[in-house]
Amino acid sequence: MNAKTALKYAEEQGAKFLSVRFTDLVGAWHHLSYPIHQLDEGSFEDGFGFDASSLRGWASIHESDMLLVPDAARMWMDPFAEEPTLCLIANAVDPITKEGYGLDPRSVAQRAESYLRFTGLADTVYFGPEAEFFIFDGVRFNNDQFSAGYTIDSDEGHWASGRATDASGPNQGYRIRPKEGYVPVPPTDTLSDLRAEISLILERCGITVECHHHEVATAGQCEIDFRYDTMLGTADSLQIFKYVVRNTAYQYGKTATFMPKPLYGDNGSGMHCHQSLWKGEQPLFAGDGYAGLSEMARFYTGGLLRHAAAIVAFAAPTTNSYKRLVPGFEAPVNLAYSARNRSAAIRIPMFSTNPKLKRLEFRPPDPSCNPYLAFSAMLLAGLDGIQNRIDPGEPLDKDIYDLSPEQLKDVPSLPGTLDESLSALEADHDFLLKGDVFTPQLIDRWITYKRENEIARLRMRPHPLEFSMYYDI
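Chemist: An account of the overall build of the protein chain is requested, with residue identities and associated values reported.
Modeler: What the protein chain contains, in helices and strands, is 13 helices and 17 strands. Taken over the C-alpha trace, the protein chain has a radius of gyration of 23 Å; the compact-globule value for 473 residues is 23 Å, and the two agree within 12%. Each principal axis of the C-alpha atoms in the protein chain carries an extent, and together these give about 65 × 60 × 50 Å. Intrachain contacts of the protein chain at a sequence separation of at least 6 include 69% that bridge at least 24 residues. When the accessible surface of the protein chain is split by element, carbon and sulfur atoms take 51% of a total near 21,800 Å². If the 44 positive side-chain charges of the protein chain are averaged to one point and the 64 negative ones to another, these points end up 3 Å apart.

Chemist: Outline the sheet that holds strand β2 (residues 29–35), supporting the account with residue identities and numerical values.
Modeler: Spatially, β2-β1-β5-β4-β3 is the arrangement adopted by the five strands of the open sheet, whose pairing is mixed. If you trace the sheet from one side to the other, it starts and ends with β2 and β3 (48–51), each paired once. Averaged over all neighbouring strand pairs, the angle between strand axes comes to 40°, with direction disregarded. The strands touched by helix α1 (residues 3–12) within the sheet are β4 (65–77) and β5 (85–93), with β4 carrying the most contacts at an inclination of about 65°.

Chemist: Hey, could you go over the nonpolar core for me, with residue numbers and the actual values?
Modeler: It is characteristic of soluble globular proteins that their nonpolar side chains tend to be buried jointly. Core analysis: the largest hydrophobic core is formed by 124 residues, its most contacted members being Trp-58, Phe-241, Leu-277 and Phe-438. Those residues in contact with Phe-438 that lie beyond four places of it in its chain are Val-108, Phe-314, Leu-373, Ser-376, Ala-377, Leu-380, Leu-432, Leu-433 and Ile-443. Counting six residues, the second largest nonpolar core, distinct from the first, contains Phe-134, Phe-136, Ile-152 and Leu-263.

Chemist: So what's going on with the layout of surface pockets? Which residues, and what values?
Modeler: As a volume, the second largest pocket reaches approximately 930 Å³. Considering the residues around the second largest pocket, the lining is formed by 42 residues, among which Glu-130, His-274, Arg-347, Arg-359 and Glu-361 are closest to the centre. In terms of residue count, the dominant contributor to the lining of the second largest pocket is strand β6 (residues 124–136) (six residues). When its residues are assigned to classes, the lining of the second largest pocket shows 16 nonpolar, eleven polar and 15 charged.

Chemist: Give me the pairing of strand β7 (residues 138–143): which residues, what numbers.
Modeler: Examined bridge by bridge, β7 and strand β8 (residues 148–153) share six bridges and lie antiparallel to one another. For Gly-138, the partnering residue across the bridge sits in β8 and is Asp-153. Count of turn residues in the β7/β8 antiparallel hairpin: four residues.

Chemist: Pulling in residues and values, what's your account of the packing of helix α3 (residues 105–119) against helix α5 (residues 231–251)?
Modeler: Relative to each other, α3 and α5 sit at 160°, their axes nearing to 9 Å. Here α3 is positioned roughly antiparallel relative to α5, judged by the angle of their axes. On the side of α3, the interface is formed by Arg-106, Ala-109, Gln-110, Ala-112 and Glu-113, while α5 contributes Met-231, Leu-232 and Asp-236. Tallied by class, the residues present in the contact of α3 with α5 amount to four nonpolar, one polar and three charged.

Chemist: Tell me about helix α10 (residues 418–427), and please be specific about residues and values.
Modeler: Among the residues of α10, those classed as buried are Leu-418, Ser-421, Leu-422, Ala-424 and Leu-425. Taken around the axis of α10, the buried residues stretch over an arc of 155°, which confines them to a single face. Looking at the buried positions of α10, the neighbouring elements they touch are α7 (308–315), α11 (430–433) and α12 (440–460).

Chemist: Describe the environment of Val-333, with residues and values.
Modeler: Along the chain, Val-333 falls in the loop between α7 and β15 (337–339). Remark: the alpha-carbon pair of Val-333 and Arg-306, spanning 27 residues in sequence, is separated by 13 Å. Residues contacting Val-333, with those up to four places away along its chain left out, are Leu-325, Val-326, Pro-327, Pro-412, Ser-413 and Leu-414.

Chemist: Talk me through a nonpolar patch on the surface; I want residue IDs and the actual numbers.
Modeler: Together, Val-139, Phe-141, Tyr-150 and Tyr-264 make up an exposed nonpolar region whose accessible area comes to about 570 Å². One can find Phe-141 in strand β7.

Chemist: Break down the side chain of Ser-368 for me, with residues and values.
Modeler: Relative to the assigned elements, Ser-368 resides in the loop between β17 (360–362) and α8 (371–387). Within polar-contact distance, the side chain of Ser-368 engages the side chain of Asp-366 at 2.4 Å. With residues near it in sequence (within four places) discarded, Ser-368 still touches Lys-242, Phe-258, Pro-260, Pro-317, Thr-318 and Ser-321.

Chemist: Explain the pairing of β5 residue by residue, including any values.
Modeler: Burial runs high along β5: nine of the nine residues are buried. Taking every second residue as pointing to the same face, both faces of β5 are buried, with Thr-85, Cys-87, Ile-89, Asn-91 and Val-93 on one and Leu-86, Leu-88, Ala-90 and Ala-92 on the other. The pairing of strand β1 (residues 17–23) with β5 spans five bridges and is classified as parallel. Across the sheet, the residue bridging to Leu-18 is Leu-86, located in β5.

Chemist: Got a sec to walk through the side chain of Thr-124? Specific residues and values, please.
Modeler: By secondary structure assignment, the location of Thr-124 is in strand β6. On the basis of relative accessible area, Thr-124 is assigned to the buried category, the value being 17%. Looking at Thr-124, its side chain comes within polar contact range of the side chain of Asp-123, at 3.1 Å. Not counting residues within four places of it along the chain, the set of residues in contact with Thr-124 comprises Leu-116, Thr-230, Ser-276, Leu-277 and Trp-278.

Chemist: Give a description of the packing of α3 against α8 that names residues and reports values.
Modeler: Following both chains from N to C, one finds α3 and α8 inclined at 20°, their axes separated by 8 Å at the closest point. It follows that α3 is roughly parallel to α8 by the angle criterion. The two elements α3 and α8 cross, and the hand of that crossing is left-handed. Within the contact between the two elements, α3 uses Pro-105, Arg-106, Val-108, Ala-109, Ala-112, Tyr-115, Leu-116 and Thr-119 and α8 uses Tyr-372, Leu-373, Ser-376, Leu-379, Leu-380, Leu-383 and Gln-387. Here the residues of the contact of α3 with α8 sort into eleven nonpolar, three polar and one charged.

Criteria and cut-off values
- Along each chain, numbering runs from 1 in the same order as the chain's sequence is written.
- A pLDDT threshold of at least 70 governs which residues receive local features in this predicted model, and a stricter bar of 80 or more applies before side-chain atom pairs are shown or counted, although totals over entire chains, interfaces and linings include all residues.
- Note that water and hydrogens are dropped before the side-chain values are worked out from all heavy atoms of the structure.
- Helix numbering and strand numbering both begin at the N terminus, where a helix is a DSSP run of H or I of at least 4 residues and a strand a DSSP run of E of at least 2.
- Each radius of gyration reported is based on C-alpha atoms, and the globular scaling rule is 2.2 Å times the count of residues to the power 0.38.
- A contact between two residues is defined here by any heavy atoms of the two lying within 4.5 Å.
- All accessibility values rest on the Shrake-Rupley procedure with a 1.4 Å probe; residue burial counts only the protein chains present in the view.
- Only four residue types enter the charge count: Lys and Arg as positive, Asp and Glu as negative, with His and the chain ends excluded.
- To locate a charge, the coordinates of NZ of Lys, CZ of Arg, CG of Asp or CD of Glu are taken.
- Strand pairing requires that DSSP identify at least two bridges connecting the strands.
- With axes taken as lines fitted to C-alpha atoms, and helix axes fitted only over the stretch in contact, angles between N-to-C directions fall between 0 and 180 degrees.
- The term nonpolar core refers to a set of buried residues drawn from Ala, Val, Leu, Ile, Met, Phe, Trp, Tyr and Cys, joined through side-chain atoms within 4.5 Å.
- Relative accessibility decides the category of a residue: with a 1.4 Å probe and only protein chains considered, values under 20% of the type maximum give buried, values over 50% give exposed, and everything between is partly exposed.
- The distinction between a cavity and a pocket rests on a 1 Å grid over the protein atoms alone: a 1.4 Å probe fits inside a cavity but cannot get out, while a pocket stays open yet meets protein on both sides within 12 Å along at least five of seven lines, and a residue with an atom within 4 Å of a point counts as lining.
- Grid points are joined across faces, edges and corners, and a volume is the space filled by probe spheres set on the points.
- Residues were grouped as follows: Ala, Val, Leu, Ile, Met, Phe, Trp, Tyr, Cys and Pro as nonpolar; Asp, Glu, Lys and Arg as charged; and all remaining residues, including Gly, as polar.
- The scheme is simple: roughly parallel for angles under 35 degrees, roughly antiparallel for over 145, roughly perpendicular for 65 to 115, oblique for anything else.
- Note that the arc is computed from the directions linking the helix axis to the C-beta atoms.
- Patch membership requires more than 30% relative accessible area and the absence of a salt bridge. Residues of like charge join within 9 Å; the nonpolar side chains Val, Leu, Ile, Met, Phe, Trp and Tyr join within 5 Å.
- Basic side-chain nitrogens of Lys or Arg form a salt bridge, by our definition, when they fall within 4 Å of a carboxyl oxygen of Asp or Glu.
- Two N or O atoms form a polar contact when they lie within 3.5 Å of each other; inside protein one atom must be a possible hydrogen donor and the other a possible acceptor, and for residues adjacent in sequence the pair counts only when both atoms belong to side chains.
- By definition, any crossing whose near helix is turned counterclockwise from its far helix by less than a right angle is left-handed, and any crossing with a clockwise turn is right-handed.

This is the structure in structure tokens:
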């Protein structure tokens with residue numbers, strides 16, 4: 001794809017507007033819209049000027065002028081816009097140096113891919129995330145000085161079993177019990193048609209869907225898997241994916257969330273990340289070692305495990321993430337690897353003996369992450385493992401959830417809170433600075449933003465459960 005191709009595509013589609021999409025530090029998508037006549041070949045070099053000072057975690061007032069330079073390699077027509085609108089993903093570029101802005105997440109991912117090629121170890125890394133999400137009928141929440149609370153509305157949730165006949169219709173009795181939502185058929189699965197609609201829209205946006213199904217939790221937990229791609233391509237696809245899921249649910253009168261743990265006492269939403277290295281047409285993770293792994297894959301595993309505590313500061317980046325990452329429950333917090341065993345932090349899928357399908361699955365991440373930063377951190381940890389020949393130790397081919405505390409005492413585990421993860425990142429981030437992929441400024445800004453704007457706010461606010469525990473103390 002190039003500038004001429006993009007302009008031709010816009011003309012063929014009858015585009016009237018251009019939506020330039022970009023990602024802030026935290027991971028949210030933003031856009032600026034222009035009449036289509038504002039787009040020409042020079043736009044892909046010169047970009048569009050914008051003020052970055054009001055974006056979370058980005059530039060301060062004195063350095064807020066930035067350029068958005070669109071990438072002609074990724075374009076699609078917005079399936080939700082009333083007027084025909086061409087969408088392009090852009091990098092934030094410093095107008096003085098004309099280099100990717102140090103805090104721009106997409107530029108970080110591009111630098112990570114460039115560093116991979118520079119090492120000579122491989123030329124391509126493929127990522128395939130499984131981003132779970134919930135679709136609810138509605139949600140209400142408030143956080144005031146004098147009150148706080150939330151309510152989730154879901155006719156599919158088991159708590160709706162006692163609902164009386166009302167304006168929403170009769171109670172027909174099909175409900176999903178807690179932790180029993182894995183792949184039922186309709187009418188118990190009420191969202192099959194909605195997921196199918198999401199899948200068709202994703203295809204129109206250039207994303208190849210492989211499978212969709214209901215997930216384990218009650219009240220509308222879903223998964224839609226799409227085809228793996230290069231690291232940058234997959235991160236772009238994940239941003240498009242979230243946009244399509246949210247907007248399709250909205251059009252159906254529902255609401256979608258990628259919040260990791262919206263329901264107490266049921267499974268949260270994870271984002272297991274499959275990854276593999278290639279050189280040309282040669283898969284580099286297939287070999288004759290444990291579970292069919294190569295030595296390179298083994299050392300890559302060692303790097304992921306060695307740096308996992310720092311990685312999750314980006315890959316499980318919310319306070320809510322650690323209500324999912326709880327020992328003994330649904331998420332793998334123990335830092336071990338295994339073939340097939342889903343209780344290990346790293347799993348080696350064994351569905352096929354095809355060398356091209358040999359990959360590692362890193363299971364702690366969740367879909368609240370900024371994919372450009374999380375994927376880059378995983379890649380750099382794996383590369384550090386290869387470069388320093390980090391031994392991951394022996395595999396753990398047992399159900400970790402069934403092991404006794406004595407058996408688990410020598411198995412390291414992930415941090416239990418976001419604050420602990422950020423402390424791990426402070427102590428262990430040299431591997432992220434290689435190739436100038438991450439900058440010290442970005443890491444410092446990330447840690448400061450998370451502590452001041454998320455952790456401190458939660459720490460200072462009374463929790464509704466505290467009233468139940470302590471009001472009469």
